[in-house]
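# An overview of the molecular structure
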Amino acid sequence: MSRRWLVIALPMLWLGVFFLLPFLEVARISLLDPAIARPPYSAMFEAGVFAGDLENYLFLLSDSLYVNAYLSSIRIAFISTVLALLVGYPMAYAIARSPEPRRTVLLFLVILPFWTSFLLRVYAWIGLLKNNGLINNMLMSLGVIDEPLIMLQTDFAVYVGIVYTYLPFMILPLYANLVKLDGALLEASSDLGASPASTFFRVTLPLSLPGVLAGSMLVFIPAIGEFVIPALLGGPDTLMIGRVLWNEFFSNRDWPMASAVAVAMLLLIVLPILWTQKLVESRT
Amino acid sequence: MKRRSLFLVISATLGFVFLYVPIVSLVVYSFNESQLVTVWGGFSTKWYGELLRDPQILGAAWISLKIGVVSATLAVVFGTLAALVLVRFGAFWGKPILRGMTAAPLVMPEVITGLSLLLLFVSMEQAIGWPAGRGMLTVIIAHTTFSLAYVAVVVQSRLVDMDRSIDEAALDLGATPVRVFFDITLPIIAPALIAGWLLAFTISLDDLVVASFTSGPGASTLPMVIFSKVRLGVSPDVNALATLIIVVVAVGVGIAWALMQRGQRK
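Residues numbered from 1 in each chain as written. Chains lettered and ligands numbered in written order. Predicted model: local features only at pLDDT ≥ 70, side-chain atom pairs only at ≥ 80, totals over all residues. Heavy atoms only, no water.

## Considering the overall build of chain A
Threshold: Every helix listed is a DSSP run of H or I at least four residues long, and every strand listed is a run of E at least two residues long, numbered separately from the N terminus. Our radius of gyration looks at C-alpha atoms and nothing else; its globule reference is 2.2 Å times the residue count to the power 0.38. Burial status follows relative accessibility: with a 1.4 Å probe on protein chains alone, a residue under 20% of its type maximum counts as buried, one over 50% as exposed, and anything between as partly exposed. Working definition of accessibility: Shrake-Rupley area with a 1.4 Å probe, residue cover restricted to the visible protein chains.
For chain A, the helix and strand inventory stands at 13 helices and 2 strands. Taken over the C-alpha trace, chain A has a radius of gyration of 24 Å; the compact-globule value for 284 residues is 19 Å, which it surpasses by more than 25%. Taking the principal axes of the C-alpha coordinates as reference, chain A spans close to 80 × 70 × 35 Å. Expressed as a percentage of the 284 residues in chain A, the buried residues total 52%. Only carbon and sulfur atoms are counted for the fraction: they give 68% of the accessible area of chain A, which is about 13,500 Å².

Take a look at the structure:
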């Protein structure tokens, strides 16, 4: 039976040391002060006395930068999720309704970009959205606009980037849900005289809500902590909490403050989301 | 009925155009003679030549490949063990903890994962002298940790689908559990392991944020080099690099997809 325990112990130990323990470390360092030393934070105990305090957290609350960054992350992630739903739902529905061999090919086409480098897909949008980029050049040569639209380094570019990179996360759970939808229900609905639109809103959409929720979570959660997309596509005033943490760590070299931002992000954003998700799951 | 299907076809087509225009534009402009990324200056493969002579990019690519291979392999080992424990082993005190720890990395913001691992490494180095400094080893540990979760998901779904009576028959015939695992379970779940490995490998090759936190001065990965190049402005050799990566990934995803489809049909 010792082998059984080895099988259990190996993954437990790895995840315990490299996943659970790090959070305790972040929590610990968030209570300390930055110091000019290696590592750049003060000691937890000075002469045997506990030297940590909640100063970093008080600063988080007092400086509007952080509060605004949390709110703005939530807003950007929310708008992007709604947009991804609007783009992804018809795609997922069309794939689920198409005949079998074509369905496999279309699904493959959805997954392929998702596995193509995330960074490079974001980078591709720089080339499209720039002032002299593909979209502006095309619109200008068609005579639709006279001077380039300013799209890059705006919140608009960030929405496009998030919707684009996380679209497969929205489509796949929606597809998995819609493909199980019983066609007989739709036929029954139209036989009873419902228009396609009312069939959709009264039958299809309510039945696909678990898929909508799953897909929205998969877009919303990573979008909240996003760093790469606002850094490459957003402007200097695009405020997102992932970017604030990154700057706090790499530019200001304030490790304790970065830790406090991370802990607050976990407590205020990630855990509530997981908790609501669990509540909803247990009800459905 | 007819009108709705037309609406569906149009919106799905537009969706696929949206998905593929950026990728196609990268590939097309990688063959652009012009230095200006969005002005077409004639067909040329010079950026590929430039790429192959860039020691910084080649070095970073090599580091990324090594990290990807080692961390994907470790992630398959630990991820499979975790999946086995979760699917096959009865209840024990640590099971809910393990379940949580294999699911949580999937939803954890990368900046938090990266920061927390770095702080752990720094504290460990202070306390026990290991890991000494940061470099490939620390990135490998970090990548193993979060891609392990993806492997566990893929392998778990395969284990759940697997017919257990074959295992039970072998056990009844007197085979040891270890023998049953290597002779029966492993060959049956092998496609999931390969798919999981490829997924973990791609995730590792793709990661910028966690690698930036956990790597040291001598070990810049490919995404780190690309990110610093892109930040300075769009450069055409990145298009060439992107095209090469797209081709490699398309082939890899194609193989993984075929394996998963075959596994499902059986």
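## Considering helix α8 (residues 177-206) of chain B
Our working definition: In this analysis, the expected span of each helix is defined as 1.5 Å times one less than the number of residues it contains. Throughout, the bend at a residue refers to the angle made by two axes, fitted to the seven residues ending there and to the seven starting there.
The first and last C-alpha atoms of α8(B) sit only 37 Å apart over 30 residues, clearly below the 44 Å expected at 1.5 Å per residue. Along α8(B), the largest kink reaches about 55° and is centred on Leu186(B); proline Pro187(B) follows within four residues of it.

## Concerning the UniProt feature "domain: ABC transmembrane type-1" (unreviewed entry) in chain A
We count it as follows: UniProt positions are given in the numbering used here, feature names are shortened, and annotations may be inferred rather than shown by experiment.
Look at the UniProt record and you will see "domain: ABC transmembrane type-1" (unreviewed entry) annotated at residues 70-276 of chain A. Note that residues 70-276 of chain A is 78% helix and 0% strand, and that its end C-alpha atoms are spaced 19 Å apart.

## Points about the layout of surface pockets
Note the following rule: Whether a set of points on the 1 Å grid over the protein atoms alone is a cavity depends on a 1.4 Å probe fitting there but being unable to get out, while an open set qualifies as a pocket with protein on both sides within 12 Å along at least five of seven lines; lining residues are those with an atom within 4 Å of a point. Grid points are joined across faces, edges and corners, and a volume is the space filled by probe spheres set on the points. Three classes are used, and their members are as follows: Ala, Val, Leu, Ile, Met, Phe, Trp, Tyr, Cys and Pro are nonpolar, Asp, Glu, Lys and Arg are charged, and the others, Gly among them, are polar.
The calculated volume of the second largest pocket comes to roughly 810 Å³. Lining the second largest pocket we find 25 residues, and of these Val7(A), Phe89(B), Pro177(B), Val178(B) and Phe181(B) sit closest to its centre. Only α1 (2-29) of chain A together with α3 (55-88), α7 (164-172) and α8 of chain B provide two or more residues apiece to the lining of the second largest pocket. Taken together, the residues of the lining of the second largest pocket break down into 17 nonpolar, 3 polar and 5 charged.

## Structural notes on a nonpolar patch on the surface
We count it as follows: Grouping into patches uses exposed residues only, defined as over 30% relative accessible area, and leaves out salt-bridged ones; the cut-off is 9 Å for like charges and 5 Å for nonpolar side chains (Val, Leu, Ile, Met, Phe, Trp, Tyr). Salt bridge, as applied in this entry: a Lys or Arg side-chain nitrogen positioned within 4 Å of an Asp or Glu carboxyl oxygen.
The grouping of Trp5(A), Leu20(A), Trp93(B) and Ile97(B) at the surface amounts to a nonpolar patch, some 460 Å² of accessible area in total. You can see Trp93(B) is positioned in the loop between α3 and α4 (95-107). Overall, Trp93(B) belongs to the exposed group, its relative accessible area being 64%.

## Some remarks on the interface of chain A and chain B
Rules: By definition in these notes, contact holds between two residues if any of their heavy atoms fall within 4.5 Å. Two parts placed together each lose some accessible area; with a 1.4 Å probe, that loss summed over both constitutes the buried area. Distance and chemistry together define a polar contact, namely a pair of N or O atoms within 3.5 Å, with one atom able to donate a hydrogen and the other to accept it when in protein, and with adjacent residues in sequence counting only for side-chain atoms on both sides.
With 81 residues of chain A at the contact, the number on the chain B side is 79 residues. For the pair chain A and chain B, the two sides together bury roughly 7,700 Å², of which 83% comes from carbon and sulfur. Contact with chain B buries surface across chain A, with Trp14(A), Trp115(A) and Tyr123(A) losing the most and accounting together for 11% of the total. Our count for the chain A to chain B interface comes out at 0 salt bridges. Between chain A and chain B we count 7 residue pairs in polar contact (both at pLDDT 80 or more) in total. The leading source of residues in the side of chain A that touches chain B is α1(A), at 22 residues. When grouped by side-chain class, the residues that make up the side of chain A that touches chain B number 64 nonpolar, 11 polar and 6 charged.

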